[in-house]
Amino acid sequence: MAEKVKLSEALERTAAALAMFDGDALEELTARLNAAAEGQVEIEREPVEAIKARQRILAEVLTATEQSIDLLRRLRERKAKNEWAH
Amino acid sequence: MGSLISAINIAQEALAADQSALNITANNVANQNTPGYTRETPNFSTQDTYLLGGYEQSDGVTSGTPTSIRDRVLEQRVEQQTQVSSQASTLETALNSVQDIFGLTASSTSTTVTALGTAVDSFFSSLTDLANNPSQSATRQEVLSAAGNLATAFNTSSTQLTSITNGLNNDALTIVGQVNSLLGNIASLNEKIAVQSPNTDAGVLEDQRQEAIAQLSQYIGLDQITTSNNGIDLTTSNDGLLVAGNLSYPLNASIVGGAVQITAGPNNTDISTGLTGGSLGGTLAALDTSLPPIVSNLDTLAYSIATAVNAQNALGVDAYGNTGAALFTIGTTSTGAAGTIALAVTDPNLVAAAGGGEGSSGNTNATALANLATANIAGGTTADAYLASSLAQIGQAAADASTNSTLQSTTLSQLTTQRDTLSGVSLDEEAANLTEYQRSYQAASQLFSIIDTLFASALDFGVVTSVS
């Protein structure tokens with residue numbers, strides 16, 4: 001089981017992929033983390049603080065994304081109903 | 001899932017402040033130009049007068065088309081995030097420079113890796129050697145040599161911190177110059193837009209103004225207020241008037257008593273305190289919030305060691321049989337101590353190794369001097385522990401700044417992506433984008449949960465582990 005994964009790196013890459021809405025990268029990460037959950041990939045030891053800091057980043061980006069999607073949905077609804085002129 | 005929930009709670013708390021600022025700006029747009037943003041009032045309505053930078057402004061909007069609302073809302077979100085991200089990045093850079101002074105890295109804040117930590121340890125070690133060999137001139141010389149090295153280490157760190165401070169002061173002045181250049185440009189564009197396109201989208205001119213505001217957001221935190229005649233007025237985040245219609249109010253920046261002072265508006269109101277956002281906000285945050293405690297801790301440590309050593313040396317007898325003199329030159333307060341501490345003597349025989357009444361070859365006072373290494377002489381703790389705590393604070397501040405900078409940059413990337421994909425595409429394409437955004441959000445949420453589970457499992461085992 002030579003392959004290893006760092007949780008902090010996985011979190012950082014997830015946040016970066018979400019920022020760019022990179023579905024392929026997220027799929028790849030999901031497969032890798034699922035493999036770790038099944039014991040096929042080793043989890044590399046690292047400071048707890050490193051993981052927690054990246055968890056915070058991803059959590060905040062998730063929350064920001066949720067808010068942004070809500071905003072986009074409202075804007076699109078307005079446009080679809082022709083509530084602004086263009 | 002405890003850590004997931006707590007992380008999201010933290011996120012929500014952290015975002016509350018940002019969201020509040022966003023709401024204010026969004027409301028500015030909505031209230032000034034289109035209350036119909038919430039679809040309660042679809043048409044423009046007459047606006048009341050409002051206060052801008054302490055001055056009452058009149059906005060007589062009675063009609064118009066909210067053609068640019070979509071862009072402005074998203075643009076303002078991007079610009080606000082640019083301001084936050086730029087501030088975070090600037091602060092991160094400043095704190096990394098401080099880390100470099102002390103030789104700290106992201107993974108190590110040990111005192112032994114720092115020149116100052118080594119100098120402190122070497123000094124007390126030389127006193128222990130003196131206690132063991134009080135009559136040897138070499139050990140006395142070693143004490144003075146180590147004391148001189150310690151003073152130099154403090155001086156060097158202090159000089160480097162001063163250099164960082166001076167550099168940041170100059171940066172602030174430079175940034176203000178760049179801000180002022182853009183303010184004039186934006187006011188000029190306001191004037192052109194008011195003449196050419198007071199009630200409709202002004203096309204290229206609006207694009208130019210938006211670009212100038214976007215650039216401005218790199219430098220300073222802004223509040224935007226959309227006014228009549230397609231105008232945009234600007235204030236700083238703490239209400240300093242920057243642009244009102246076709247008039248710009250350049251900031252004035254100067255160094256007063258070593259600190260940056262910035263004034264704004266027609267009355268030159270001092271806005272130095274509470275000015276946030278952009279590289280200027282980051283620079284001021286570093287100068288006003290981050291650096292002072294670091295400088296203070298360094299001064300306190302230098303002052304504490306010097307006064308404790310001088311006081312103890314005065315209780316002993318030197319090699320000439322006289323009462324010990326001060327080994328360090330130090331001021332009467334800790335302020336500036338790290339920069340001014342110096343070796344006060346050059347004659348090694350002036351080190352008071354002996355106690356009173358035991359003759360000049362005694363070691364009682366040398367032992368007492370050496371014991372200062374484990375005495376609580378600095379801020380209620382030992383010198384070494386005080387230094388370690390101070391370095392840990394610097395390391396933590398730098399790590400926090402780095403994390404925050406990454407977060408803000410990531411969020412900015414997302415907002416920029418959304419803005420860019422929203423404009424100029426068909427509804428069908430937009431719907432596809434929205435679906436893709438939602439799919440990415442769900443995938444990232446799922447990843448968060450998976451990692452959270454793995455994290456908890458890893459903690460349970462406490463070692464490198466695979467989780468089955």
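Located above this text is the structure these notes cover.
The following paragraphs examine the structure supplied in this document. (Residues numbered from 1 in each chain as written. Chains lettered and ligands numbered in written order. Predicted model: local features only at pLDDT ≥ 70, side-chain atom pairs only at ≥ 80, totals over all residues. Heavy atoms only, no water.)

1. Examining the environment of threonine 174 of chain B
Reasoning step 1: Tracing the backbone shows threonine 174 of chain B in helix 4 (residues 137-196).
Reasoning step 2: Residue threonine 174 of chain B is classed as partly exposed on the basis of its relative accessible area of 46%. (Helix = DSSP H or I, 4+ residues; strand = E, 2+ residues; numbered from the N terminus. Buried < 20%, exposed > 50% of the residue type's maximum accessible area, 1.4 Å probe, protein only.)

2. A word on the side chain of glutamine 55 of chain A
Reasoning step 1: By the element assignment, glutamine 55 of chain A lies in helix 3 (residues 48-80).
Reasoning step 2: At a separation of 2.8 Å, a polar atom in the side chain of glutamine 55 of chain A contacts the side chain of aspartate 452 of chain B. (Polar contact = N/O pair within 3.5 Å; in protein donor to acceptor, adjacent residues only side chain to side chain.)

3. What to know about helix 6 (residues 278-313) of chain B
All names here are of chain B.
Reasoning step 1: Helix length check: helix 6, at 36 residues, gives a terminal C-alpha distance of 51 Å against a target of 52 Å (1.5 Å per residue), a fit within 8%.
Reasoning step 2: Of all the bends in helix 6, the greatest reaches close to 45° and is centred on leucine 291; the proline proline 292 follows between one and four positions later.
Reasoning step 3: For helix 6, a buried count of 27 out of 36 residues is recorded, marking the element as mostly surrounded by other parts of the structure. (Expected span 1.5 Å × (residues − 1). Bend = angle between axes of the 7 residues up to and from the residue.)

4. Quick look at the sheet that holds strand 7 (residues 252-256) of chain B
Residue and element names in this part refer to chain B.
Reasoning step 1: Pairing is antiparallel in the open sheet, where three strands are placed in the order 7-8-9. The open sheet has two edge strands, strand 7 and strand 9 (269-270), and neither has a second partner.
Reasoning step 2: Two elements, strand 8 (residues 259-264) and strand 9, share two bridges in a ladder whose sense is antiparallel. When the bridges of strand 9 are listed, alanine 264 appears paired with threonine 269.
Reasoning step 3: The sheet contacts of helix 4 involve strand 7 and strand 8, and relative to strand 7 the element is tilted by about 165°. (Pairing = 2+ DSSP bridges. Contact = heavy atoms within 4.5 Å. Axes fitted to C-alpha atoms, helices over the stretch in contact; angles between N-to-C directions.)

5. Points about the pairing of strand 5 (residues 241-244) of chain B
Residues and elements named next belong to chain B.
Reasoning step 1: Bridge count between strand 4 (residues 231-236) and strand 5: two bridges; the pairing is antiparallel. Following the sheet pairing, leucine 234 is matched in strand 5 by valine 243.
Reasoning step 2: Of the pairings in the sheet, the one linking strand 5 to strand 6 (residues 247-248) comprises two bridges and is antiparallel in character. Paired with valine 243 across the two strands is serine 248, which belongs to strand 6.
Reasoning step 3: Between the end of strand 5 and the start of strand 6, which pair antiparallel, lie two residues, with glycine 245 showing a positive phi angle near 60°.

6. So, the pattern of salt bridges
Residue and element names in this part refer to chain B.
Reasoning step 1: Scanning all chains against the criterion turns up six salt bridges over all chains.
Reasoning step 2: For glutamate 436, the salt bridge identified is with arginine 439, shortest N-O distance 3.3 Å. Pair noted here: glutamate 436 and arginine 439 are both in helix 10 (residues 427-461), with a separation of three residues, about one helical turn. (Salt bridge = Lys/Arg side-chain N within 4 Å of Asp/Glu carboxyl O.)

7. Quick notes on the nonpolar core
Reasoning step 1: Ranked by size, the top nonpolar core spans 84 residues in total, and within it Phe102, Phe123, Phe154 and Ile305 of chain B carry the most contacts.
Reasoning step 2: Per element, the largest residue contribution to this core is 19 residues, and it comes from helix 4 of chain B.
Reasoning step 3: In this view, phenylalanine 123 of chain B contacts Val143, Ala146, Ala147, Leu150, Ile305, Val309 and Phe328 of chain B; residues no more than four positions away in its chain are not counted.
Reasoning step 4: With 29 residues, the next largest nonpolar core counts Ala10 and Ile51 of chain A together with Leu407 and Phe448 of chain B among its residues. (Core = buried A, V, L, I, M, F, W, Y, C linked by side-chain atoms within 4.5 Å.)

8. Some points on helix 2 (residues 23-37) of chain A
Residue and element names in this part refer to chain A.
Reasoning step 1: With 15 residues, helix 2 should cover 21 Å at 1.5 Å per step; its first-to-last C-alpha distance of 21 Å lies within 8% of that length.
Reasoning step 2: Here helix 2 has its buried residues at Leu26, Leu29, Thr30, Leu33, Ala35 and Ala36.
Reasoning step 3: Structurally, the start of helix 2 carries an N-cap: the backbone nitrogen of aspartate 24 is 3.3 Å from a side-chain oxygen of aspartate 22.
Reasoning step 4: Note on helix 2: the residue one or two positions beyond its end, glycine 39, has a positive phi of about 85°.

9. Thoughts on empty space enclosed by the protein
Left-over empty space is what a probe sized like a water molecule reveals as it rolls over the atoms.
Residue and element names in this part refer to chain B.
Reasoning step 1: Counted by the stated rule, this structure contains one cavity of 30 Å³ or more.
Reasoning step 2: Of the pockets and cavities examined, the largest cavity occupies roughly 60 Å³.
Reasoning step 3: Lining the largest cavity are Phe102, Ile294, Asn297, Leu298, Leu301, Leu387, Ser390, Leu391 and Ile394.
Reasoning step 4: For the lining of the largest cavity, the elements supplying multiple residues, two or more each, are helix 6 and helix 9 (383-422).
Reasoning step 5: In terms of residue class, the lining of the largest cavity is made up of seven nonpolar, two polar and no charged. (1 Å grid on protein atoms, 1.4 Å probe; cavity = no way out; pocket = protein on both sides within 12 Å on 5 of 7 lines; lining within 4 Å. Points joined across faces, edges and corners; volume = space filled by probe spheres on them. Nonpolar A, V, L, I, M, F, W, Y, C, P; charged D, E, K, R; others polar.)

10. Comments concerning the pairing of strand 3 (residues 222-227) of chain B
Residue and element names in this part refer to chain B.
Reasoning step 1: Taking burial as the measure, the six residues of strand 3 include five buried ones, the bulk of the element.
Reasoning step 2: Pairing of strand 3 with strand 4 involves six bridges; the strand directions are antiparallel. Each residue of the ladder has a partner; that of threonine 226, found in strand 4, is isoleucine 232.
Reasoning step 3: The hairpin formed by strand 3 and strand 4 contains three residues between the paired strands, and asparagine 229 there has a positive phi angle of roughly 60°.

11. Notes on the packing of helix 5 (residues 204-219) of chain B against helix 6 of chain B
Residues and elements named next belong to chain B.
Reasoning step 1: Where helix 5 contacts helix 6, the two axes come as close as 2 Å, and the packing angle between them is 10°. What the angle tells us is that helix 5 and helix 6 run roughly parallel. Here helix 5 contributes Ser217, Gln218 and Tyr219 to the contact with helix 6, which in turn contributes Gly278, Ser279, Leu280 and Gly281.
Reasoning step 2: Residue classes in the contact of helix 5 with helix 6 are distributed as two nonpolar, five polar and no charged. (Parallel < 35°, antiparallel > 145°, perpendicular 65-115°, else oblique.)

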